[in-house]
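Descriptive analysis of the structure
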Amino acid sequence: MKKKVTAPLRPSWDEYFLEMAGLVAKRSTCLRRSVGAVLVKEKRILATGYNGAPSGLKHCFEIGCMRQKLKVPSGERHELCRALHAEQNALIQSSLYGISVKGATLYSTTQPCVICAKMLINAGIAEIVITQGYPDKMAMDFLKEAKIKVRKI
């Protein structure tokens, strides 16, 4: 008699890519929030990004956080941040290597801010899957107007 083989427990594609975004977030150098982003198309990873200072510049954990010092609330005064956001870094990485992200899905540990939302709209991102929100209603309004589906898991 043949022994019945039980299929291993496998994460769904959404779970898989969100777990990858969580792993990418561990590279973050931000003192306030660790964010990871993964750009995916046809179940293939195109690029990843995490929030941190531009390449070659000192990281916030080395010199401190201006936003923390000034007590800037989350979701406000993005221009005072030394770091690039995870979504921005993922888009930049895909651009550096000539990878089109048109029609791709962004998996992120956090909802994009309005600046990232505008970039994602212009990059042709089709869908965004997040694990947590962010206090930026304008970003969600823009994504809705652009007909980009946002799912929170």
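Computed from a predicted model, the values in this text were never measured in an experiment.

Some words on the layout of surface pockets
- Each pocket or cavity is described by its volume, and for the largest pocket that value is around 400 Å³.
- Considering the residues around the largest pocket, the lining is formed by 26 residues, among which C30, N51, R67, C81 and H85 are closest to the centre.
- Contributions of two or more residues to the lining of the largest pocket are made by α2 (60-63), α3 (66-69) and α4 (86-96).
- Looking at the lining of the largest pocket residue by residue, the class counts come to 13 nonpolar, 8 polar and 5 charged.
- Put simply, the second largest pocket is a space of about 210 Å³.
- T48, G49, Y50, G52, A53, P54, S55, H59, L84, N89, I92 and Q93 together form the lining of the second largest pocket.
- Of all the secondary-structure elements, those providing two or more residues to the lining of the second largest pocket are β2 (44-50) and α4.
- In the lining of the second largest pocket, the residues fall into 5 nonpolar, 7 polar and no charged.

Thoughts on the pattern of salt bridges
- Under the criterion given, the structure shown has 4 salt bridges.
- The shortest N-O distance in the salt bridge between D14 and R151 comes to 2.7 Å. Residue D14 is located in helix α1 (residues 13-25), and its partner R151 is located in strand β5 (residues 149-152); the two are separated by 137 residues in the primary sequence.
- Its relative accessible area of 23% is what places R151 among the partly exposed residues.
- One salt bridge in this structure joins R151 and E127, with 2.6 Å as the shortest N-O distance. Placement of R151 in strand β5 and of E127 in strand β4 (residues 127-130) is noted, with a sequence separation of 24 residues between them.
- On the basis of relative accessible area, E127 is assigned to the buried category, the value being 17%.

Quick look at the environment of K149
- Turning to its location among the elements, K149 is positioned in strand β5.
- The sequence separation of K149 and S34 amounts to 115 residues, and the corresponding C-alpha distance is 23 Å.
- With residues near it in sequence (within four places) discarded, K149 still touches A126, E127 and I128.

Observations concerning α4
- Turning to α4, its buried residues are A86, E87, Q88, N89, A90, L91 and S94.
- In this structure, the buried residues of α4 make contact with β1 (36-41), β2, β3 (105-108) and α5 (114-123).
- Two residues or fewer past α4, G98 is found with a positive phi of approximately 70°.

About the thresholds
Residues numbered from 1 in each chain as written. Predicted model: local features only at pLDDT ≥ 70, side-chain atom pairs only at ≥ 80, totals over all residues. Heavy atoms only, no water. 1 Å grid on protein atoms, 1.4 Å probe; cavity = no way out; pocket = protein on both sides within 12 Å on 5 of 7 lines; lining within 4 Å. Points joined across faces, edges and corners; volume = space filled by probe spheres on them. Helix = DSSP H or I, 4+ residues; strand = E, 2+ residues; numbered from the N terminus. Nonpolar A, V, L, I, M, F, W, Y, C, P; charged D, E, K, R; others polar. Salt bridge = Lys/Arg side-chain N within 4 Å of Asp/Glu carboxyl O. Buried < 20%, exposed > 50% of the residue type's maximum accessible area, 1.4 Å probe, protein only. Contact = heavy atoms within 4.5 Å.

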